[in-house]
Number of protein chains: 2
Amino acid sequence: MTTIKDIARVAGVSVTTVSRALNGYSDVSEKTRAKVFRIAKELNYSPNTLARGLVMNKSKTFGLLVSGLNESSPKDNITFDILSGINKFVGECGYDLVLFSTNSTKQREKTYTQLCRERRVDGVIIQGIRTDDPYLKEVVESDIPCVLIDIPLTSSTVGYVTTDNVLGAKKAVKHLIQLGHRNIGFINGHEFAFVSQERLKGYEEALTEANIEINREWIGNGEFSEEAAEIQAIRLLEAHPEITAIFSASDLMALGVIKAARSLGIKVPDNLSIIGFDDIVLASYVTPSLTTIGQDTFQIGYEAAQLLLSILENRAESHIVTMETKLKVRESTKHLNE
Amino acid sequence: MTTIKDIARVAGVSVTTVSRALNGYSDVSEKTRAKVFRIAKELNYSPNTLARGLVMNKSKTFGLLVSGLNESSPKDNITFDILSGINKFVGECGYDLVLFSTNSTKQREKTYTQLCRERRVDGVIIQGIRTDDPYLKEVVESDIPCVLIDIPLTSSTVGYVTTDNVLGAKKAVKHLIQLGHRNIGFINGHEFAFVSQERLKGYEEALTEANIEINREWIGNGEFSEEAAEIQAIRLLEAHPEITAIFSASDLMALGVIKAARSLGIKVPDNLSIIGFDDIVLASYVTPSLTTIGQDTFQIGYEAAQLLLSILENRAESHIVTMETKLKVRESTKHLNE
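Residues numbered from 1 in each chain as written. Chains lettered and ligands numbered in written order. Predicted model: local features only at pLDDT ≥ 70, side-chain atom pairs only at ≥ 80, totals over all residues. Heavy atoms only, no water.

### A few points about the overall build of chain A
So, point 1. Scanning chain A from terminus to terminus reveals 13 helices and twelve strands.
So, point 2. Taken over the C-alpha trace, chain A has a radius of gyration of 25 Å; the compact-globule value for 338 residues is 20 Å, which it surpasses by more than 25%.
So, point 3. Here the C-alpha coordinates of chain A stretch approximately 85 × 35 × 35 Å along the principal axes.
So, point 4. Within chain A, the fraction of its 338 residues that count as buried is 57%.
So, point 5. Look at the contacts in chain A between residues 6 or more apart in sequence, and 70% of them connect residues 24 or more apart.
So, point 6. Total accessible area on chain A stands at roughly 14,300 Å², and carbon and sulfur atoms take up 49% of it.
So, point 7. Across chain A, the 37 positively charged side chains and the 43 negatively charged ones have centroids separated by 9 Å. (Helix = DSSP H or I, 4+ residues; strand = E, 2+ residues; numbered from the N terminus. Rg over C-alpha atoms; globule rule 2.2 N^0.38 Å. Buried < 20%, exposed > 50% of the residue type's maximum accessible area, 1.4 Å probe, protein only. Contact = heavy atoms within 4.5 Å. Areas by Shrake-Rupley, 256 points an atom, 1.4 Å probe, with all protein chains shown as cover. Lys, Arg positive; Asp, Glu negative; His and termini not counted. Charge placed at Lys NZ, Arg CZ, Asp CG, Glu CD.)

Dropping the structure here:
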């Protein structure tokens, strides 16, 4: 394997000069730089990215701190989509991606800053952590550039990408209202997610704009889990048989709501309309297929990586990217009196 | 941030001694080592993994070369499961995971060895590449430890994890034979996958053992794609109305076969039994739910990372791990005369 020592020997210059030429320092003459590059190419030199990272203080690596990479998550392809979107962008710009899993107990022992410093990542994308996660405070206080997905924090080094969740939730509830429903239940995610707060706001705004009173007893906490949502939906539907439609803050929870209706002998959509959020792959395959609010999770990942690079290169015009949603009408919602 | 210089100053030893103590060299006395570690802890020292990688020639990083991390793959949760399984193991043993995507045109310009040398990965796991992929020859010839998923190559530094695909395919076809089917079509994946060759072998063995003649005209190439499988199934079912059951070498292709049957007005399972392979998440959610041969893709990822570490540490008893399959009977298969 060719080293910079070999290049220095052939070029008749010092190792330092070769290093500085290869790393783009301005104190090397153009003539010397050209010579060094020509010889490096002739000798088939493969730069050691780690060593270069130490010299340049850049590793051309993004870290991804993600909580959803585990055995129970394949039903919900959101994490995979985001990862694929990030992967596409980093591939295009020649970066690598290092995964930090917050599932790992070993990594949990380290602070966020330790994690990033040890691996010398240039910046980090954070997905799927709760707003009460101890990492979060550190992220904002650290000087390591960071892009958050679905957590609205910004600083000179922090940005975020999110979906317009208020508007998305409004679209969902308005769709139900347009179908004649007025007794609309809501299965939300847990309170430690920004998206839950936003989707609740959208639910409330849509009802208020339609002059429908908000009934707190029709709102359940499904914890973003299919099982918890099923239990909550059974509780809601048993206690409040007047409910004719349910908005679920995620498709996975909507699957739990469908199960709940089935176990109570309530027909979907004949006796209960259900609308989800996300448009996961399963949404169009379940029976009845699920009406939902689609968000472009692949593109969220792509945009997050793009934003991180622009923050790193000090050329981000805004540190906030907001994505649109789309109503996808399928079989699980129906007009109240048909 | 504490450096080894700070530790050296406080401990009253040289920087070299601190470095050698921290990196486990044997020429440092136990007393000095203990002192260095105590002071490092007191000063809240966070070792720079990159610098340590250069010294130790180990980066505690696995590379993952994967082809299925793209926009079109979330339907098929195999890549995600394998990634999650690998992620679990590397988390447990304190390694990091760097993603090399073979989708990226930039990375394609580099050779496999360049890719690994530049990122100083200790070893690589390769998933989803075709047997005609130019990387493959390099992998085996390189001295970088490597574990392949579903490609049966071994050397002193190469191992592989795969499912018992011959037996799995036999289970599928035997299930159809036990249901009274004799005219059994087969939609296989493309020929550049080892698993296709193995599943074909299993299909043939099951028929031969049951004294059923193999009819080459009943075999189609679905390219592991839902769309290609649909086209092939339409062709097969139109040309050979005598076919009463189809074994599909993947669940994704089986979804295409179900679509084909639907578009031809053939009822599943009443007029056509369909069995898949993989047990992806969708298999149990589609209507009719899909009978299939389940493989534990999460565990395949976990085992691959475990095998790679044992090869790296020169303690692998075998370089081959073979996983079992499980028949999952659902709604898409039915007795011929019922």
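### Comments concerning the packing of aromatic side chains
So, point 1. Taken as a whole, this structure holds nine aromatic pairs over all chains when the rule is applied.
So, point 2. With 5.6 Å between their ring centres and 75 degrees between their planes, Phe80(A) and Phe80(B) make a pair best called edge-to-face. Residue Phe80(A) is located in helix H5 (residues 78–92), and its partner Phe80(B) is located in helix H5 (residues 78–92); the two belong to separate chains. Take Phe80(A) and Phe80(B): they sit in the same class, and that class is buried.
So, point 3. A ring pair is formed by Phe62(B) and Tyr95(B), whose centres lie 4.7 Å apart and whose planes are at 40 degrees; its orientation type is tilted. Placement of the pair is Phe62(B) in strand S1 (residues 61–66) and Tyr95(B) in the loop between H5 and strand S2 (96–101), with a sequence separation of 33 residues. (Phe/Tyr/Trp six-rings, centres within 6.5 Å; stacked < 30°, edge-to-face > 60°.)

### Description of the nonpolar core
So, point 1. Core analysis: the biggest nonpolar cluster contains 146 residues, and Phe62(A), Tyr203(A), Phe247(A), Phe62(B), Tyr203(B) and Phe247(B) have the highest contact counts within it.
So, point 2. Counting 38 residues, the second largest nonpolar core, distinct from the first, contains Val158(A), Phe100(B), Tyr112(B) and Cys116(B). (Core = buried A, V, L, I, M, F, W, Y, C linked by side-chain atoms within 4.5 Å.)

### A look at the pairing of strand S6 (residues 184–188) of chain B
Residue and element names in this part refer to chain B.
So, point 1. Taken across its five residues, S6 has five buried, putting it largely inside the fold.
So, point 2. Covered by surrounding structure in S6 are Ile 184, Phe 186 and Asn 188 together with Gly 185 and Ile 187, the residues of both alternating faces.
So, point 3. Sheet analysis places S6 next to strand S8 (residues 245–248), joined by four bridges and oriented parallel. Within S8, the residue paired with Phe 186 across the bridge is Phe 247.
So, point 4. Note that S6 and strand S7 (residues 219–221) share three bridges and pair parallel. Residue pairing across strands places Ile 187 opposite Gly 220, the latter belonging to S7.
So, point 5. At this point the chain moves from S6, through helix H10 (residues 194–209), to the parallel S7, and the crossover so formed is right-handed. (Pairing = 2+ DSSP bridges. Right-handed = clockwise from strand over helix to strand, strands pointing away.)

### Examining the packing of helix H1 (residues 4–11) of chain B against helix H3 (residues 30–42) of chain B
Residues and elements named next belong to chain B.
So, point 1. Put simply, H1 and H3 touch, their axes get as near as 10 Å, and they point 120 degrees apart. Judged on the interaxial angle alone, H3 and H1 are oblique. H1 and H3 meet at a crossing whose hand is right-handed. The segment H1 lies against H3, with Ile 7, Val 10 and Ala 11 engaging Lys 35, Val 36, Ile 39 and Ala 40.
So, point 2. When grouped by side-chain class, the residues that make up the contact of H1 with H3 number six nonpolar, no polar and one charged. (Axes fitted to C-alpha atoms, helices over the stretch in contact; angles between N-to-C directions. Parallel < 35°, antiparallel > 145°, perpendicular 65-115°, else oblique. Left-handed = near helix turned anticlockwise from the far one by under 90°. Nonpolar A, V, L, I, M, F, W, Y, C, P; charged D, E, K, R; others polar.)

### Notes on the sheet that holds strand S9 (residues 273–278) of chain B
All names here are of chain B.
So, point 1. Ordered by their spatial adjacency, six strands build an open sheet running S7-S6-S8-S9-S10-S12, and the pairing between neighbours is mixed. Looking at strand neighbours, the two that pair on one side only are S7 and strand S12 (325–328), the edges of this open sheet. Between one strand and the next, the sheet's axes are offset by a mean angle of 15 degrees, whatever the strand orientation.
So, point 2. Those strands touched by helix H9 (residues 165–178) are S6, S8, S9, strand S10 (291–295) and S12, and its axis lies near 165 degrees from that of S9.

### Digging into the pairing of strand S1 (residues 61–66) of chain A
All names here are of chain A.
So, point 1. In terms of residue burial, S1 counts as a mostly covered element, since six of its six residues are buried.
So, point 2. Of the two faces of S1, the one lined by Thr 61, Gly 63 and Leu 65 and the one lined by Phe 62, Leu 64 and Val 66 are each fully buried.
So, point 3. In terms of strand pairing, S1 meets strand S3 (residues 123–127) through five bridges, oriented parallel. Among the inter-strand pairings, Phe 62 is bridged to a residue of S3, identified as Gly 123.

### Focus on the environment of Ala249(A)
Residue and element names in this part refer to chain A.
So, point 1. Looking at where Ala 249 falls in the secondary structure, it is placed in the loop between strand S8 (245–248) and helix H12 (251–263).
So, point 2. When its relative accessible area of 0% is taken as the criterion, Ala 249 is described as buried.
So, point 3. As for Ala 249 and Ser 84, which are separated by 165 residues in sequence, their C-alpha atoms are 23 Å apart.
So, point 4. In this view, Ala 249 contacts Phe 186, Ile 187, Asn 188, Gly 189, Arg 199, Phe 224 and Phe 277; residues no more than four positions away in its chain are not counted.

### Things to note about the sheet that holds strand S9 (residues 273–278) of chain A
Strand pairing in a sheet relies on backbone hydrogen bonds, with the paired strands running either antiparallel or parallel.
All names here are of chain A.
So, point 1. Read from one edge of the open sheet, six strands run S7-S6-S8-S9-S10-S12, paired in mixed fashion. Each edge of the sheet is formed by a strand with only one pairing partner; in this case those strands are strand S7 (219–221) and strand S12 (325–328). The sheet shows a mean angle of 15 degrees between the axes of neighbouring strands, taken without regard to direction.
So, point 2. Strands in contact with helix H9 (residues 165–178) are strand S6 (184–188), S8, S9, strand S10 (291–295) and S12; relative to S9, the strand with the most contacts, it is inclined by about 165 degrees.

### Quick notes on the domain arrangement of chain A
Many analyses report the size of an interface as the accessible area lost when the parts associate.
Residues and elements named next belong to chain A.
So, point 1. Along its sequence, chain A is carved into domain 1 (4–47), domain 2 (61–163 + 297–323) and domain 3 (165–295).
So, point 2. Computed over C-alpha atoms only, the centres of domain 2 and domain 3 are separated by 29 Å.
So, point 3. The partner domain 3 presents 14 residues to the 14 residues of domain 2 that form the contact.
So, point 4. Sorting the residues of domain 2 by area buried against domain 3 places Lys 75, Arg 130 and Thr 163 first, and these three jointly supply 40% of that buried surface. (Domains from an automatic or database assignment. Buried area = accessible area lost by both parts, 1.4 Å probe.)

### Some remarks on the environment of Ala304(A)
Residues and elements named next belong to chain A.
So, point 1. Topologically, Ala 304 is positioned in helix H13 (residues 297–312).
So, point 2. Relative accessible area serves as the criterion here: at 0%, Ala 304 is assigned to the buried category.
So, point 3. Each C-alpha atom of the pair Ala 304 and Gly 159 lies 8.7 Å from the other, and the pair is 145 residues apart in sequence.
So, point 4. Sequence-distant contacts of Ala 304, defined by excluding residues within four places in its chain, comprise Ile 125, Val 147, Ile 149 and Val 161.

### Observations concerning the environment of Gln127(A)
Residues and elements named next belong to chain A.
So, point 1. Along the chain, Gln 127 turns up in strand S3.
So, point 2. On the basis of relative accessibility, which here comes to 9%, the residue Gln 127 falls in the buried class.
So, point 3. In this structure, the C-alpha to C-alpha distance between Gln 127 and Asp 150, residues 23 residues apart in sequence, is 7.6 Å.
So, point 4. For Gln 127, the contacting residues outside a window of four places in its chain are Leu 65, Val 66, Ser 67, Thr 79, Ile 82 and Ile 149.

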